[in-house]
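Understanding the architecture of this molecule
Take a look at the letters that make up each chain.
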Amino acid sequence: SLPAKLINGGIAGLIGVTCVFPIDLAKTRLQNQQNGQRMYSSMSDCLIKTIRSEGYFGMYRGAAVNLTLVTPEKAIKLAANDFFRHHLSKDGKKLTLLREMLAGCGAGTCQVIVTTPMEMLKIQLQDAGRIAAQKKLMAAQLSATAGAAEPMVEARTTATQITRELLRSKGIAGLYKGLGATLLRDVPFSIVYFPLFANLNKLGQKDPDVKAPFYVSFLAGCLAGSTAAVAVNPCDVIKTRLQSLQRGVNEDTYSGILDCTKKIWQKEGPSAFFKGAYCRALVIAPLFGIAQVVYFIGIAEFLLNLLPKHRA
């Protein structure tokens, strides 16, 4: 049933995000730093410096936004893919690769309704620590040359404050900044991910009418997720840069997708489009592996089926 699918998708998203959020924070900070203003050399370096300067929970800045909105986001994505697969199938026959890709395209398009504002708010909170650390470093360098100066205190903002300011200044469009770049990332991701997962998962099915074992669904989700994540990483870098409202010292600003692409290519080189790619693969692999296990096991149906038995 659709309600059960939505519940399964939500549970999957909550479990997955809780497990991999620190890696996602490292990915955002690595993607946003530009040449000449590099604070972190790798994912491990980013996480170590984050813990030292912001404490353990600094790795979970922005997690509340993600945990709040990931339930509808994952639920829409997984349920929409099922919806489109069902309506694109002919009399229950096996979908062709093209129809599987169309179903994934539909799922990716639907999910941006929630994904865009969620990513917009999350990125501001995740990258705030990098901006603050950069300012503190510059202040320390200035004080070393010009004498003692008052230590800078980071003013922490919340997702609610950012939302109110964006709605006040730009209206609902403020929360949907980077919508085009989000579509450019999520639609190709879903086109690659869902058909790849479906075909990998089928390899573990002994019978077409019997679900694959949970470990097959998990491995298929991990492999399909990491493959799709790396494939669309250039679009993710562009999306992250466009959605960042604050910049570090001497960092570029961008007017749109083409302007962002041009400046990154000219100033940072082609390799910059794959910044944080391994972090993104490490985030997406377990996230979608867990999501598919929860979704295909059907936790919602399991719990709902237990209730009558328990009463009896």
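Treat the numbers as computed from the prediction; the structure is a model and nothing was measured. (Residues numbered from 1 in each chain as written. Predicted model: local features only at pLDDT ≥ 70, side-chain atom pairs only at ≥ 80, totals over all residues. Heavy atoms only, no water.)

Scanning the chain from terminus to terminus reveals eleven helices and zero strands. Tracing the chain from N to C terminus, the helices and strands come up as α-α-α-α-α-α-α-α-α-α-α. By the burial criterion, 49% of the 312 residues in the chain qualify as buried. Nonlocal contacts in the chain, meaning residues at least 24 apart in sequence, comprise 80% of its contacts between residues at least 6 apart. Roughly 15,500 Å² of accessible area belongs to the chain as shown, and the carbon and sulfur atoms make up 67% of that amount. (Helix = DSSP H or I, 4+ residues; strand = E, 2+ residues; numbered from the N terminus. Buried < 20%, exposed > 50% of the residue type's maximum accessible area, 1.4 Å probe, protein only. Contact = heavy atoms within 4.5 Å. Areas by Shrake-Rupley, 256 points an atom, 1.4 Å probe, with all protein chains shown as cover.)

With twelve residues, helix α9 (residues 257-268) ought to run about 16 Å at 1.5 Å a step, and its terminal C-alpha atoms sit 16 Å apart, in line with that. Listing the buried residues of α9 in full gives Cys260, Ile264 and Glu268. Across the axial projection of α9, the buried residues extend over an arc of 30 degrees, all falling on one side. Away from its buried face, by an angle of more than 90 degrees, α9 presents the exposed residues Leu258, Lys262, Trp265 and Gln266. Following α9 by one or two positions, Gly269 adopts a phi angle in the positive range, close to 85 degrees. (Expected span 1.5 Å × (residues − 1). Arc of directions from axis to C-beta.)

Along the chain, the position of Val65 falls in helix α3 (residues 63-88). When the C-alpha positions of Val65 and Thr160 are compared, they lie 9.5 Å apart, and in sequence the two are 95 residues distant. Among all residues touching Val65, those that are not within four sequence positions of it are Met118, Leu121, Lys122, Leu125 and Ala159.

Next up on the list: the nonpolar core. Met43, Phe189, Tyr193, Ile284, Leu287 and Phe288 are the most contacted members of the largest nonpolar core, which has 31 residues in total. Counting residues per element, the ones that place at least two in this core are α1 (2-32), α2 (43-54), α3, α6 (179-202), α7 (214-231) and α10 (277-297). Counting residues per element, this core draws most heavily on α1, at six residues. With residues near it in sequence (within four places) discarded, Ile284 still touches Phe189, Gly225, Ser226, Ala229 and Gly289. (Core = buried A, V, L, I, M, F, W, Y, C linked by side-chain atoms within 4.5 Å.)

So, on to the packing of α3 against α6. The N-to-C vectors of α3 and α6 enclose an angle of 70 degrees; their axes lie 12 Å apart at closest approach. The angle between α3 and α6 places the two elements in the roughly perpendicular class. Residues Lys77, Leu78, Asn81 and Arg85 of α3 form the contact with α6, whose participating residues are Phe189, Ser190, Phe194 and Ala198. Here the residues of the contact of α3 with α6 sort into four nonpolar, two polar and two charged. (Axes fitted to C-alpha atoms, helices over the stretch in contact; angles between N-to-C directions. Parallel < 35°, antiparallel > 145°, perpendicular 65-115°, else oblique. Nonpolar A, V, L, I, M, F, W, Y, C, P; charged D, E, K, R; others polar.)

All right, on to the environment of Leu47 then. Mapped onto the elements, Leu47 comes out in helix α2. Among residues more than four places away in sequence, those in contact with Leu47 are Pro22, Ala26 and Met59.

The subject of this paragraph is α3. In this model α3 runs 36 Å from its N-terminal to its C-terminal C-alpha over 26 residues, within 8% of the 38 Å that 1.5 Å per residue would give. Along its length, α3 reaches its greatest deviation from straightness, about 45 degrees, at Val70, and the proline Pro72 lies no more than four positions downstream. (Bend = angle between axes of the 7 residues up to and from the residue.)

What follows deals with the packing of α6 against α7. Viewed as axis vectors pointing N to C, α6 and α7 meet at an angle of 150 degrees, and their least axial separation amounts to 8 Å. In terms of axis orientation, α6 runs roughly antiparallel to α7. Read as a crossing pair, α6 and α7 show a hand that is right-handed. Of the residues in α7, those in contact with Phe189, Val192, Tyr193, Leu196, Phe197, Leu200 and Asn201 of α6 are Val216, Ser217, Ala220, Gly221, Leu223, Ala224, Gly225, Thr227, Ala228 and Ala229. Of the residues contributing to the contact of α6 with α7, the split by class is twelve nonpolar, five polar and no charged. (Left-handed = near helix turned anticlockwise from the far one by under 90°.)

Remember, this is a structural readout, not a statement about activity or role.
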